[in-house]
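# Chains, contacts and geometry: an overview
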Amino acid sequence: MHADNIKTIPSTHYTIPAMAYRVWTDLNGIILRVSGIPWADKLQLLPGTPLVNSFSSADHDAFFSLIQNIKRHHYLETCTVTMGAFPCRLTATPETNSKRLTEIAFTLSNNEPADTLSLDTAASVQIVQSLLSNPTIWLDVVRLTDARILLWNNGATHISGYTREETVGAGVVWGWLYPETDYRISNWHLLMENLETQGISEMISRIRCRDGSDKIMGWTSHFLRSMGSRPESIVTLGFDLTRETHYRNALSSSEEEYRALADNSPDLIARFDQQYICTYTNAPTSPFNPFGITRELIGQTPAAGLSNPDVATSLENRIRQCFNSRTIQSFEISTNPTKGTSVFEVHIVPEMSPEEIIRSVLVISRDISIRRWSENRLRTAERFEAAGRVACEITHNINNRLTVLNGKLEILKRRLISQPDIVSLIDELLTISSQASGEIRDTLAMGRSTEIQAPVNVIRQLESILDQVGSSSHGKIRFEHHSTSTDAVVFGSKQQVENLLLNLVINAVDAMPDGGVLRAAIQKIHLSINDPRSTIWNLQPGNFIRIEICDTGTGIPESIRNKIFDPLFTTKSHRNGSGMGLATVYSIVTAMKGAIDFISSEGQGSCFIVLLPEYRLASTSVERIELQPGTNPRANTGMHILWVDDNQTVLDVAVEMAETLGHHTTAALDGFEAVKLFRIAPDMFDFVVLDVHMPGMNGWDTFIKLLEIKPDATVVVCTGRGLSSEADKMIRHGAYTILHKPFTASDLNDLMNAIARSG
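Treat the numbers as computed from the prediction; the structure is a model and nothing was measured.

For the rest of this paragraph, the subject is the overall build of the chain. Helix and strand counts for the chain come out as 21 helices and 27 strands. Per-residue burial for the chain yields a buried fraction of 45% across its 759 residues. In the structure as shown, the chain presents an accessible area of about 38700 Å², 52% of it carried by carbon and sulfur atoms.

Spatially, the five strands line up as an open sheet ordered β24-β23-β25-β26-β27, and their pairing is parallel. The strands lining the two open edges of the sheet, one partner per strand, are β24 (664–668) and β27 (737–740). Taking the axes of each pair of neighbouring strands and ignoring which way they run, one obtains an average angle of 25 degrees across the sheet. Note that strand β23 (residues 640–644) and β24 share five bridges and pair parallel. In the strand pairing of β24, V644 is matched with A668. The strands touched by helix α17 (residues 648–660) within the sheet are β23 and β24, with β24 carrying the most contacts at an inclination of about 170 degrees.

A word on the pattern of salt bridges. A full pass over the atoms with the stated rule returns 15 salt bridges. E166 is the salt-bridge partner of R210, the closest N and O atoms lying 2.5 Å from each other. Taken together, the positions of R210 in the loop between β8 (201–208) and β9 (214–225) and E166 in helix α4 (residues 164–167) put the pair 44 residues apart, joining distant regions of the chain. The class for E166 is partly exposed, based on a relative accessible area of 26%.

Turning to the sheet that holds strand β21 (residues 595–601), a few remarks are in order. One open sheet accounts for five strands, arranged β17-β19-β20-β22-β21; its pairing is mixed. Because the sheet does not close on itself, it has two edges, and the strands there are β17 (477–483) and β21. Going across the sheet, the axis of each strand differs from the next one's by a mean of 15 degrees, ignoring polarity. Strand direction decides the pairing type here: strand β19 (residues 516–527) and strand β20 (residues 542–551), joined by 10 bridges, are antiparallel. Within β20, the residue paired with I522 across the bridge is I547.

Our focus in this paragraph is a nonpolar patch on the surface. Taken together, the side chains of L425, L429 and I432 present a nonpolar region at the surface, about 280 Å² in accessible area. Along the chain, L425 falls in helix α11 (residues 420–445).

Bringing unusual backbone geometry into the picture now. A positive phi is found at Y276, a non-glycine position, where the angle reads about 65 degrees. Here Y276 lies in the loop between β11 (268–273) and β12 (278–281). When its relative accessible area of 17% is taken as the criterion, Y276 is described as buried. One non-glycine residue, R326, lies in positive phi territory at about 60 degrees. In this structure, R326 sits in the loop between α9 (309–325) and β13 (329–335). The class for R326 is partly exposed, based on a relative accessible area of 41%.

Tracing the chain through its elements places T91 in strand β4 (residues 86–97). Ignoring any residue separated from it by four or fewer positions in sequence, one finds T91 in contact with L76, E77, T78, A105, F106, T107 and Q198.

Looking at helix α18 (residues 671–680), one finds that the buried residues are G671, A674, V675 and F678. Looking straight down α18, one finds its buried side chains confined to an arc of 95 degrees; they lie on one side. Facing away from the buried surface of α18 by more than 90 degrees, the exposed residues are F672, K676 and I680. Looking at the buried residues of α18, the elements they touch are β23, β24, β25 (687–691) and α19 (699–709). Its side-chain oxygen 3.2 Å from the backbone nitrogen of F672, D670 forms the N-cap of α18.

Positionally, E656 belongs in helix α17. Considered as a pair, E656 and G407 are 249 residues apart in the sequence and their alpha carbons are 8.2 Å apart. Apart from the residues within four sequence positions on either side, E656 is in contact with K408, I411 and R415.

Considering all chains together, one arrives at one disulfide under this definition. The residue that forms a disulfide with C550 is C607, at a sulfur-sulfur distance of 2.1 Å. Residue C550 is found in strand β20, and its partner C607 is found in strand β22 (residues 605–613); the two are separated by 57 residues along the sequence. Looking at C607, the relative accessible area reads 12%, which means it is buried.

Before going further, it helps to spend a moment on the confidence of the model for the chain. Mean pLDDT for the chain: 78, with 80% of residues reaching 70 or above. Taken together, the stretch residues 112–121 has pLDDT below 50 and engages in 23 contacts with residues farther than four places along the chain or on a different chain. In the model, residues 446–450 has pLDDT below 50 throughout and makes 26 contacts with residues more than four positions away in sequence or in other chains.

This part is about the packing of aromatic side chains. Within the structure shown, the criterion is met by nine aromatic pairs. With 5.0 Å between their ring centres and 65 degrees between their planes, W138 and W152 make a pair best called edge-to-face. Linking W138 in strand β6 (residues 137–143) with W152 in strand β7 (residues 149–152), this pair joins segments that are 14 residues apart in sequence. For W138, a relative accessible area of 0% gives the class buried. With relative accessibility at 1%, the residue W152 sits in the buried group. Ring geometry for F678 versus F685: centroids 6.1 Å apart, planes at 20 degrees, classification stacked.

Here is what the cut-offs are and how they apply
- Residues numbered from 1 in each chain as written.
- Predicted model: local features only at pLDDT ≥ 70, side-chain atom pairs only at ≥ 80, totals over all residues.
- Heavy atoms only, no water.
- Helix = DSSP H or I, 4+ residues; strand = E, 2+ residues; numbered from the N terminus.
- Buried < 20%, exposed > 50% of the residue type's maximum accessible area, 1.4 Å probe, protein only.
- Areas by Shrake-Rupley, 256 points an atom, 1.4 Å probe, with all protein chains shown as cover.
- Pairing = 2+ DSSP bridges.
- Axes fitted to C-alpha atoms, helices over the stretch in contact; angles between N-to-C directions.
- Contact = heavy atoms within 4.5 Å.
- Salt bridge = Lys/Arg side-chain N within 4 Å of Asp/Glu carboxyl O.
- Patch = residues over 30% accessible without salt bridge, like charges linked within 9 Å, V, L, I, M, F, W, Y side chains within 5 Å.
- Arc of directions from axis to C-beta.
- Polar contact = N/O pair within 3.5 Å; in protein donor to acceptor, adjacent residues only side chain to side chain.
- Disulfide = S-S within 2.5 Å.
- pLDDT = per-residue confidence, 0-100.
- Phe/Tyr/Trp six-rings, centres within 6.5 Å; stacked < 30°, edge-to-face > 60°.

In structure tokens, the structure reads:
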């Protein structure tokens with residue numbers, strides 16, 4: 001049938017039905033999208049609104065009954081409704097994804113016989129001509145008696161590739177479009193069944209185009225009836241859904257992938273609609289769930305589904321704020337389970353439709369306990385670093401004064417050697433000064449190491465400390481020591497490792513005033529890159545020595561557990577401690593690039609765990625030089641020392657102490673003067689005592705200049721700040737040893753004897 005011959009068809013014999021339109025909703029009848037309805041706005045067919053609002057109130061029960069049948073049986077359902085002023089047939093088609101009902105497609109079509117279209121009017125001819133020439137809409141008419149094609153438009157040619165001349169009057173085109181016989185027959189039978197039972201047939205099927213490609217087509221068919229209401233032909237409108245189907249399949253696959261990601265996410269994810277009803281949650285797979293949400297909450301509000309009414313009320317209030325403000329709501333929740341406090345970061349995020357309507361909100365919860373713990377430890381480390389810098393400055397000045405004090409006392413002692421009472425008093429003062437020096441070293445330990453680094457056998461140190469402390473405990477405490485190795489070696493200061501172990505053991509003993517058991521254990525462990533302990537303790541993967549000191553004492557109250565490593569914090573009386581013990585331990589462990597943690601239960605005891613990097617004995621290291629007292633002919637004949645220090649008082653005492661010992665000293669107040677004197681006669685000096693921290697030219701720069709003048713010069717590093725990075729660098733580049741302030745005449749004498757023996 002050609003457009004030019006349309007006028008020859010009697011207008012009283014045929015009617016053309018109105019178009020059918022589609023609306024997609026979710027399982028509750030809320031509109032998701034609309035297709036092909038030009039008057040949708042007038043009928044309030046808007047995404048996000050209930051479809052039932054467009055029907056008369058008398059049809060509501062029928063609509064909800066249809067919804068329930070669809071959800072229960074997944075079969076096609078129909079009913080008659082009044083939509084605005086139009087009586088409509090409502091056909092509901094279930095749409096599934098992986099056998100799961102995901103949404104419902106509603107077809108709205110005329111329920112009454114189609115209006116008669118007078119074909120003898122210019123307007124009618126124009127409408128039919130536009131359908132015939134439209135390249136995107138397939139239009140054909142098939143005679144019922146022999147299934148021959150009566151009309152074939154440009155859109156059918158454009159989509160299939162078959163021309164009007166090839167198809168009109170022929171029936172074999174059905175074999176071209178549907179090559180498989182069974183598929184062709186089943187489609188024809190389904191088409192006829194739908195037309196006879198519903199008056200309309202909506203189908204989606206695959207066709208084979210002329211070029212061999214396959215396309216997915218959506219069909220809407222009606223009977224063409226004579227005036228006696230007897231169907232004579234079938235008119236079909238078709239739309240190419242290939243691309244849409246591809247996109248929908250890809251979207252469905254993407255939705256499945258994202259759902260799998262959400263279901264397996266370690267974070268809690270839950271969705272709530274505008275009535276605060278939960279529509280999704282991954283709660284069973286998520287350990288990070290501060291609200292107690294489970295799958296049973298789906299379909300319920302928090303108030304109805306959560307066991308804790310306070311949590312439910314708080315969550316609903318937050319969801320309400322998100323809907324009202326249309327912005328992300330972020331907050332933190334702290335819980336207090338049996339194993340410590342957990343911190344959760346919660347975000348409530350609005351889900352916006354393209355029309356800027358909030359359809360729902362997402363509640364996302366993440367456990368940030370490790371992050372908060374790390375931040376707290378970082379702040380503690382920063383406090384220790386600041387305390388260390390201050391301690392270095394203070395101890396430097398104090399050690400200078402103690403050096404002067406010790407030197408003057410020893411000089412005085414030598415001059416008054418014939419007066420025993422005064423000598424005894426001087427010895428007491430020197431003892432007090434030595435004790436003060438020890439306390440200063442403990443303070444300095446919070447900043448950095450105080451001695452030259454060397455391999456230290458931790459097990460030997462622990463055994464020695466347990467013997468010493470055990471002998472003074474009067475049998476009230478039983479000591480148990482379990483170590484899995486005999487060569488647990490770390491690289492560090494022997495004094496500081498002793499200090500670390502001694503503080504932990506004494507702390508455990510003090511926690512058991514009525515007696516108990518102290519258990520100590522040392523073992524080697526390896527932390528891999530995937531070991532969660534590496535993250536928790538912020539350690540690089542590798543081999544570590546694990547030290548464990550446990551007691552059965554009073555335990556640590558929860559209220560102070562986050563303070564026990566703070567400087568000067570203590571629960572002891574002023575007579576029983578200074579509060580430096582655990583702070584010093586923490587500082588030493590941190591300086592050695594290790595980690596410390598503890599487990600405590602009130603009334604049951606505490607257990608401190610220290611991890612220190614293991615030292616491999618096969619590697620090279622800087623060994624500590626042990627200076628033994630003694631005499632040497634060269635020392636007795638006197639040595640010439642170049643002593644460099646920016647403190648005049650220290651210089652005066654050092655010169656006087658050296659001269660008392662029978663040695664000659666040349667003093668220099670800064671590095672410039674020292675280099676100048678050394679350049680004049682480098683061989684005149686047996687060794688150089690060089691202060692590290694000086695204004696102008698510091699100790700390191702002076703050291704380099706001295707070695708440029710005489711590469712084999714003997715240089716002794718003198719410092720009151722312990723083993724700073726500068727002092728350590730000088731030792732590693734050839735300095736002889738370190739002379740710590742405050743030093744005594746005996747220390748100086750031993751140093752000179754050692755240098756004399758080394759030749």
